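Residue-level structural notes
The residues making up each chain are set out below.
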Amino acid sequence: MFQLSVAFAAAYGYAIVAGLVLLKMRRLGFIISTGLAVLILLCPILIPADELTFRALAVLAATELMFKLLDLARHCRDPSFTMSTWAFLEFLVPIPTFR
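Let me begin by describing the structure that accompanies this report. Starting from 1, residues in each chain are numbered consecutively following that chain's sequence as written. Reporting in this predicted model follows two pLDDT cut-offs: at least 70 for local features of residues, and 80 or more for side-chain atom pairs to be given and counted; totals over whole chains, interfaces and linings ignore these cut-offs and use all residues. Side-chain numbers here rest on the full set of heavy atoms in the structure, without hydrogens or water.

**Comments concerning the overall build of the protein**
- Along the protein, the regular secondary structure elements total three helices and zero strands.
- Each helix corresponds to a stretch of at least 4 residues labelled H or I by DSSP, and each strand to a stretch of at least 2 residues labelled E; elements are numbered beginning at the N terminus. Helices and strands in the protein line up, N terminus first, as α-α-α.
- Put simply, the radius of gyration uses C-alpha atoms, and a globule should come to 2.2 Å times the residue count raised to 0.38. Expected size for 99 residues packed as a compact globule is a radius of gyration near 13 Å; at 14 Å, the protein falls within 12% of this value.
- Counting the 99 residues in the protein, one finds 32% classified as buried.
- We call two residues in contact when some of their heavy atoms are within 4.5 Å. Relative to all contacts within the protein whose residues are 6 or more apart in sequence, the contacts with residues 24 or more apart total 69%.
- For the accessible areas, the method is Shrake-Rupley and the probe is 1.4 Å, while residue cover comes only from the protein chains on display. Counting only carbon and sulfur atoms, one obtains 73% of the accessible surface of the protein, whose full area is about 6,400 Å².
- In the protein, 8 positive and 6 negative side-chain charges are present, and the distance between their average locations comes to 11 Å. Using a 1.4 Å probe on the protein chains alone, a residue whose accessible area is under 20% of its type maximum counts as buried, one over 50% counts as exposed, and one in between counts as partly exposed. Positive: Lys, Arg. Negative: Asp, Glu. His and the chain ends are not part of the count. Charged groups are reduced to one reference atom each: NZ for lysine, CZ for arginine, CG for aspartic acid, CD for glutamic acid.

Given below as structure tokens:
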């Protein structure tokens, strides 16, 4: 269970950094975010192979974060796109929030 918490924390930490870099640095942010995206996909390796359920949950979280970052990168190609830091952090929440 501890390894799952570490994998989630690492994946979300990398996703937060990658998204903020992407939002603030645009062109150079794409290169840096690509490197961080690889680290997000490697987070399930932190869980031992014999704990298959926990590793599957970590893969699910990493995949969801990757799709969210790809969606953000698609929007960031538009020069008129703006997003606040708080809105980005709300975007990463895995459970939909209703306002």
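Past the structure itself, the notes keep going.
**Section: a nonpolar patch on the surface**
- Only residues above 30% relative accessible area that lack a salt bridge enter a patch, with like-charged residues linked at up to 9 Å and the nonpolar side chains Val, Leu, Ile, Met, Phe, Trp and Tyr linked at up to 5 Å. In the sections that follow, a salt bridge refers to a side-chain nitrogen of Lys or Arg positioned within 4 Å of a carboxyl oxygen of Asp or Glu. Judged by side-chain polarity, Tyr14, Val38, Leu39, Leu42 and Ile45 come together as a nonpolar surface patch covering roughly 430 Å² of accessible area.
- Within the secondary structure, Leu39 sits in helix H1 (residues 2-42).
- The exposure class assigned to Leu39 is partly exposed, which follows from its relative accessible area of 33%.

**Section: the environment of Val17**
- Within the secondary structure layout, Val17 lies in helix H1.
- Here the alpha-carbon distance between Val17 and Val38, two residues 21 residues apart in the chain, equals 13 Å.

**Some thoughts on the environment of Met25**
- By the element assignment, Met25 lies in helix H1.
- The partly exposed category is assigned to Met25, whose relative accessible area is 37%.
- With 40 residues separating them along the chain, Met25 and Leu65 place their C-alpha atoms 20 Å apart.

**Comments concerning the side chain of Ser33**
- Position of Ser33 relative to the elements: it lies in helix H1.
- When its relative accessible area of 11% is taken as the criterion, Ser33 is described as buried.
- Think of a polar contact as two N or O atoms within 3.5 Å of one another; within protein, one of them needs to be a possible hydrogen donor and the other a possible acceptor, and neighboring residues in sequence only count if both atoms come from side chains. A polar atom in the side chain of Ser33 sits 2.9 Å from the backbone oxygen of Ala18.
- A distance of 2.8 Å separates a polar side-chain atom of Ser33 from the backbone oxygen of Gly29.
- Non-local contacts of Ser33, meaning those with residues more than four positions away in its chain, are made with Ala18, Val21 and Leu22.

**Quick look at the packing of H1 against helix H2 (residues 52-76)**
- Angles here are taken between N-to-C directions and fall from 0 to 180 degrees, while the axes themselves are lines fitted to C-alpha atoms, restricted in helices to the stretch in contact. Where H1 meets H2, the closest approach of the two axes is 9 Å, and the angle between their N-to-C directions is 15 degrees. Taken together, H1 and H2 sit at an angle that is classed as roughly parallel. Handedness of the crossing formed by H1 with H2: right-handed.
- Ten residue types, Ala, Val, Leu, Ile, Met, Phe, Trp, Tyr, Cys and Pro, are classed as nonpolar, four, Asp, Glu, Lys and Arg, as charged, and the remainder, Gly among them, as polar. Along the lines of polarity and charge, the residues of the contact of H1 with H2 split into 24 nonpolar, one polar and two charged. Orientation categories follow fixed angle ranges, with anything under 35 degrees roughly parallel, anything over 145 roughly antiparallel, 65 to 115 roughly perpendicular, and all other angles oblique. We call a crossing left-handed when the near helix sits turned anticlockwise from the far one by less than a right angle, and right-handed when that turn is clockwise.

Interpretation note: all reported values are geometric properties and have no functional meaning in isolation.
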